Amino acid sequence: MKTLFSLKNHRAKIGLLLLGIAIASCNALKRVEEDELLLTKNSIHTDGEKVTSEEAQSLIVQKPNSGLLGYPLRLHLYNMAKKNPDSSYQAWLQKNEKREERLNNLLSKKQVARLGESFLVKGYSEWLKEIGEAPVIIDTSKTRKSLERLKAYYGGKGYFNTNATYVIDSTKRKQRAAIDYQLTLGDPFVIDTFSKKISSPAVDSIYQLNAKNSLVKEGRQFNIADFNNERERLTNIFRNSGIYGFQESSISYEILRDTTKASDDQKLDVELSIEDLRKRDENTVTTSKYYVHTFEKVNIYADYQFDTDEDSLQSIDYNNYTIYYKDRLRYKPKALTDAIFINKDSIYRELDRLRTYRQIANLNTFKYPNIDFVVDSTQSKIDANIYLTARPKYSLQLDTDVTHSNIQYAGLAFSSSLVTRNVFGGAETLSISARGSVGLLSDASLSDEKYVTEIGGDINLNFPRLWLPFISTKKIIPYYMLPQTKISMGTSFQKNIGLDKQTLNSIYGYNWSPTDAKKHTIELLNIQFVRNLNQDRFYNVYNNSYDLLDDVADDYESDPTLTEFFEDQNNDGDLELIIPSGTTGFTNAVLNEGLIPQSSDDFNQVRSLEERRVRLTENNLIFASNYTFTKNNKQGITDNDFYQFRAKFESAGALLSALTGVIPFNQNDSGQHLVFGVPYSQYLKTEFDYIKHWDLSRSNVIAFRSFFGLAVPYGNSSNVPFVRSYFAGGSNDNRAWNAYSLGPGKTQNVNDFNEANLKLAFNLEYRFPIAGDVKGALFADAGNIWNVFDDVENPDATFNNLSSFGDIALGTGIGLRYDFTYFVFRLDTGFKTYNPAEEGSSKWFGGYRKGDAVFNIGINYPF
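Residues numbered from 1 in each chain as written. Predicted model: local features only at pLDDT ≥ 70, side-chain atom pairs only at ≥ 80, totals over all residues. Heavy atoms only, no water.

## Notes on the pattern of salt bridges
So, point 1. According to the stated counting rule, one finds 31 salt bridges in the structure shown.
So, point 2. Between Asp-338 and Lys-334 there is a salt bridge, with the nearest N and O atoms lying 2.7 Å from each other.
So, point 3. Residue classification places Lys-334 among the partly exposed positions, given a relative accessible area of 41%.
So, point 4. Residues Arg-613 and Glu-610 are paired through a salt bridge, measuring 2.8 Å at the closest nitrogen-oxygen approach. You can see Arg-613 and its partner Glu-610 sitting in helix H16 (residues 601-617), three residues apart, about one turn around the helix.
So, point 5. Residue class for Glu-610 comes out buried when judged on its relative accessible area of 18%.
So, point 6. Beyond isolated ion pairs, a larger network of salt bridges with shared partners links Arg-735, Glu-765, Arg-767, Asp-781, Arg-817, Arg-826 and Asp-828. (Salt bridge = Lys/Arg side-chain N within 4 Å of Asp/Glu carboxyl O. Buried < 20%, exposed > 50% of the residue type's maximum accessible area, 1.4 Å probe, protein only. Helix = DSSP H or I, 4+ residues; strand = E, 2+ residues; numbered from the N terminus.)

## Some details on the packing of helix H9 (residues 201-210) against helix H10 (residues 224-239)
So, point 1. At a closest axis distance of 10 Å, the pairing of H9 and H10 adopts a crossing angle of 115 degrees. The interaxial crossing formed by H9 with H10 has right-handed handedness. Between H9 and H10, the contacting residues are Val-203, Ile-206, Tyr-207 and Asn-210 on the first element and Arg-233, Leu-234, Ile-237 and Phe-238 on the second.
So, point 2. Across the contact of H9 with H10, the residue classes tally to six nonpolar, one polar and one charged. (Axes fitted to C-alpha atoms, helices over the stretch in contact; angles between N-to-C directions. Left-handed = near helix turned anticlockwise from the far one by under 90°. Contact = heavy atoms within 4.5 Å. Nonpolar A, V, L, I, M, F, W, Y, C, P; charged D, E, K, R; others polar.)

## A few points about the packing of helix H15 (residues 581-592) against H16
So, point 1. Running from N to C, H15 and H16 point in directions that differ by 125 degrees, and their axes come no closer than 10 Å. One element, H15, and the other, H16, form an angle in the oblique class. When you trace H15 past H16, the crossing you get is left-handed. Seen from H15, the contacting residues are Phe-586, Thr-587, Val-590 and Leu-591; seen from H16, they are Phe-603, Val-606, Arg-607 and Glu-610.
So, point 2. When the residues that make up the contact of H15 with H16 are grouped by side-chain class, the tally is five nonpolar, one polar and two charged. (Parallel < 35°, antiparallel > 145°, perpendicular 65-115°, else oblique.)

## What about the sheet that holds strand E6 (residues 251-256)?
So, point 1. If you walk across this open sheet you meet the three strands as E5-E7-E6, and the pairing is mixed. The sheet is open, and its two edges are formed by strand E5 (190-198) and E6, each paired on a single side. Each strand axis lies, on average, 20 degrees off the axis of its neighbour in the sheet, ignoring direction.
So, point 2. In this sheet, strand E7 (residues 267-274) lies alongside E6 in antiparallel orientation, the contact comprising six bridges. From the neighbouring strand, Ile-251 faces E7, where its bridge partner is Ile-274.
So, point 3. The sheet strands contacting H9 are E5 and E7, and the helix crosses E5 at an angle near 145 degrees.
So, point 4. Its contacts with the sheet place H10 against E5, E6 and E7, and it is angled at close to 145 degrees to E6. (Pairing = 2+ DSSP bridges.)

## Some points on the confidence of the model for the protein
So, point 1. The predicted model of the protein averages 87 in pLDDT, with 89% of residues at 70 or higher.
So, point 2. Taken element by element, the protein is modelled with least confidence in helix H1 (residues 2-24), mean pLDDT 43, and with most confidence in strand E25 (residues 642-652), mean pLDDT 97.
So, point 3. A low-confidence stretch, residues 1-18 stays under pLDDT 50, and its non-local contacts, those more than four residues away or across chains, total zero contacts. (pLDDT = per-residue confidence, 0-100.)

## Here we look at the sheet that holds strand E3 (residues 163-169)
So, point 1. Pairing in this open sheet of four strands is mixed, and the strands run E2-E1-E4-E3 from one edge to the other. Single-partner strands in this sheet number two, and they are strand E2 (49-50) and E3.
So, point 2. Bridge count for strand E1 (residues 38-46) against strand E4 (residues 176-184) is eight bridges, and the pairing is parallel. Bridging from a neighbouring strand, His-45 pairs with Gln-182 of E4.

## A look at the pairing of strand E34 (residues 824-834)
So, point 1. Across the 11 residues of E34, eight count as buried, placing the element largely inside the fold.
So, point 2. Note: strand E33 (residues 809-819) against E34, 10 bridges, orientation antiparallel. If you follow Gly-813 over to E34, its bridge partner there is Gly-830.
So, point 3. Two strands pair when backbone bridges link them, and E34 and strand E36 (residues 854-859) are joined in this way by six bridges, in the antiparallel orientation. What sits directly across from Arg-826, in E36, is Gly-858.
So, point 4. Pairing of E34 with strand E35 (residues 844-847) involves two bridges; the strand directions are antiparallel.

## Brief notes about helix H3 (residues 73-80)
So, point 1. With respect to burial, H3 is a largely interior element, six of its eight residues being buried.
So, point 2. Buried within H3 we find Leu-73, Leu-75, His-76, Leu-77, Tyr-78 and Asn-79.

## Details of the pairing of strand E29 (residues 683-697)
So, point 1. Here 11 bridges tie E25 to E29, and the two strands are oriented antiparallel to one another. Bridge pairing in E29 links Ala-647 to Phe-688.
So, point 2. Inspection of the sheet shows E29 paired to strand E30 (residues 700-713) by 14 bridges, in the antiparallel sense. Along E30, the bridge assignment pairs Trp-694 with Ile-702.
So, point 3. Between the antiparallel neighbours E29 and E30 lie two residues, among them Arg-698 with a positive phi of about 55 degrees.

## Looking at the environment of Gln-305
So, point 1. Positionally, Gln-305 belongs in the loop between strand E10 (294-301) and strand E11 (314-318).
So, point 2. Of the residues examined, Gln-305 reaches a relative accessible area of 41% and is grouped as partly exposed.
So, point 3. Put simply, Gln-305 and Leu-388 are 83 residues apart on the chain and 8.4 Å apart in space, counted from C-alpha to C-alpha.

## Brief notes about the side chain of Ser-804
So, point 1. Checked against the element boundaries, Ser-804 lands in the loop between strand E32 (774-786) and E33.
So, point 2. Under the relative-accessibility criterion, Ser-804 is labelled buried at 3%.
So, point 3. Contacts of Ser-804, omitting those with residues within four sequence positions, involve Trp-786, Thr-798 and Phe-799.

## What to know about a nonpolar patch on the surface
So, point 1. Residues Leu-816, Tyr-818, Phe-820, Tyr-822, Phe-823, Phe-825, Leu-827, Phe-855, Ile-857 and Ile-859 make up a contiguous nonpolar surface patch of roughly 1100 Å² in combined accessible area.
So, point 2. Counting residues per element, the ones that place at least two in the nonpolar patch are E33, E34 and E36.
So, point 3. With three residues, the top contributor of residues to the nonpolar patch is E36.
So, point 4. Among the structural elements, Ile-857 can be located in strand E36.
So, point 5. What makes Ile-857 exposed here is its relative accessible area of 55%. (Patch = residues over 30% accessible without salt bridge, like charges linked within 9 Å, V, L, I, M, F, W, Y side chains within 5 Å. Areas by Shrake-Rupley, 256 points an atom, 1.4 Å probe, with all protein chains shown as cover.)

## Considering unusual backbone geometry
So, point 1. With an omega of 5 degrees, the peptide bond between Ile-579 and Pro-580 qualifies as cis.
So, point 2. The amide bond that connects Gly-743 to the next residue, Pro-744, takes the cis arrangement and shows omega of 0 degrees.
So, point 3. With respect to the helices and strands, the residue Pro-744 is situated in the loop between E30 and strand E31 (758-771).
So, point 4. The phi angle at Ala-427 is positive, at roughly 65 degrees, despite the residue not being glycine.
So, point 5. With respect to the helices, strands and loops of the structure, Ala-427 is situated in the loop between strand E16 (408-421) and strand E17 (429-441).
So, point 6. The class for Ala-427 is buried, based on a relative accessible area of 4%.
So, point 7. One non-glycine residue, Tyr-740, lies in positive phi territory at about 70 degrees.

Right under this line is the structure:
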């Protein structure tokens, strides 16, 4: 077996060596003719200064071949392809006189011909060309086009007298050249006078009210971007000030230069022109004045169908709205009108129309609505017809998923959900879901069974408004902020995994979004009950804890009063503690019967292990409230230049603690108050998470993340529940350590699942394209977890002072990603660059030894 493994290693090394030789031996000039030049670099200089603006660089038509950390990998892949695979195949076939004849006899003449079309002969070269990149040969016609683009770009900034040229430098390397675009800008033109000519009086009066914020003003440097932005600004103002159907094309600017002035006079005269509304019929174009439009009537068509006969509909009037329906109105009128921001006797506003679309979609009851506006003959009144088409009352969804985790080789999960819409007539949504999974355990010591199972169910009820009995929140949080109330209850049962947990949870909360970028979430009640069904299996699951206890017990296994606690489990003469009777008996003998002096290290070790066992096996009741604020300015999935911020504040147990003076809660031996026989958790918790992406151009991105989290127990608790504590390591954290294996502090993976109540994390990642959909990454992850303000006394695990920052671990590594469009498959390899658990010089780069690399598989980017 060892020989086979060694052989496989040698084969892998030989393969990598051959691949490296093949790539390194590729000549970048293989496809470059003698009279051609390979483009290696572009640069732009204006008035002698180098321009680094991505906006200006993007105007250049020809760009050098892309590189992987400076190496033109895709160019070399392209060069590895055969230029004419068909002729190469024919040459090989006919090189030996009898080769073609033998192949024809062995296969057939037709199959030999098809062999030339196969992937190995032709397809392989086509594939290399597809993922590779053809050499960029300097084309002076494209260079001149780039120069004209740059002149136009700077002309748009007011530099109308720009002189431009380019220099091709081919002196440094054979058949390679760099292009330097050189522009002399001179002085920019400025706006000397500004005037306006507006045809419609209504538009003119609105303009006068908003003229002071104009982006086009006298004395400012000419910039075409200012004119475009001002046109958009005015259009937005008019459309939100009552002008229905205002056309942006009605706005134009006339830019003049006084020819009577000196030739070096750099001043311009600008006239704003806003024309009347233009209407195009089949053969004619007519114009008419713009008017401020006021809504005379707002009609809502509930459950509208395209074949509906409007004359057969019934109607009711509610709060200045007319609601049309067929047979029976299935919605509460208020639920419909609260989603409409178009009001009778109000002026037309484009913003109200967009908010109406958003809120109706937020109801999750109707398909995308159709809003039709009808202008009357006076041109000042307008009717709004809002057509709502209901989504199905019930919908059923079934899902299956393949899973993988730290304790499962593989698992199969099933889930189903039934959604019921408009439950109480107010556009409420009820979702009932059930889920189940079965997986193969990765470690036999975790359970006596091979498989782990989990089943669960959830009930979610959503209201498209803030539901507070007897309290109106409409003025505080208007409906355009898309308010929602969420009520949920759920349970899950785990079997053959850990301590076999049963979990009950319930949430009552609100969320709303003042803008597309901001979101607020308040959970008034977040109740979680965790019950450990098999507490006696603690030392079966937490092997490290068992080994530590067994090491202490080795010195006392000859004690005749303790023989019942040991057995030779492997028939090798080595006695080990029996689980659970032996571990429980030995622990009791140490802590309660004076087996070991209390001043000894062994006693402290056993006491620490028992405290951890009690903490991780006891049932938890968490009665919390929290608030979360998030801000994300990302514009669509292709935006690679954005930031995201999240802040969360949580308090647990405060309400129950306040009730202790009213309700006589029972207490346990430690003085903790009990609810349903379980000590409730009491703590304060805060988290801050910041993510920033920088787009470096050409799909090169730098991504940064920072995280701070702290949970402080008090009152009824001396520690934070395991389910609300922090861990470090894993595919989305510090990738040089496995999940739960880093920290706390400078401790060396003491427990099987290491966790604490203080966490710092910093991640920096450089992402770059490699070939086609294959991407790469270089990353550095720093951070750790510590215990603070709790009952842990180990100085190596606690955050004591500023010197504890020296416990921050650093992992670095490389990653490969494949973009499947809808998701990204990720493989990251991390190395322990600085490990605070090591001693002396071993802290640095000790994790670069053979076999120390940590591999992480993930879906989508880590942050």
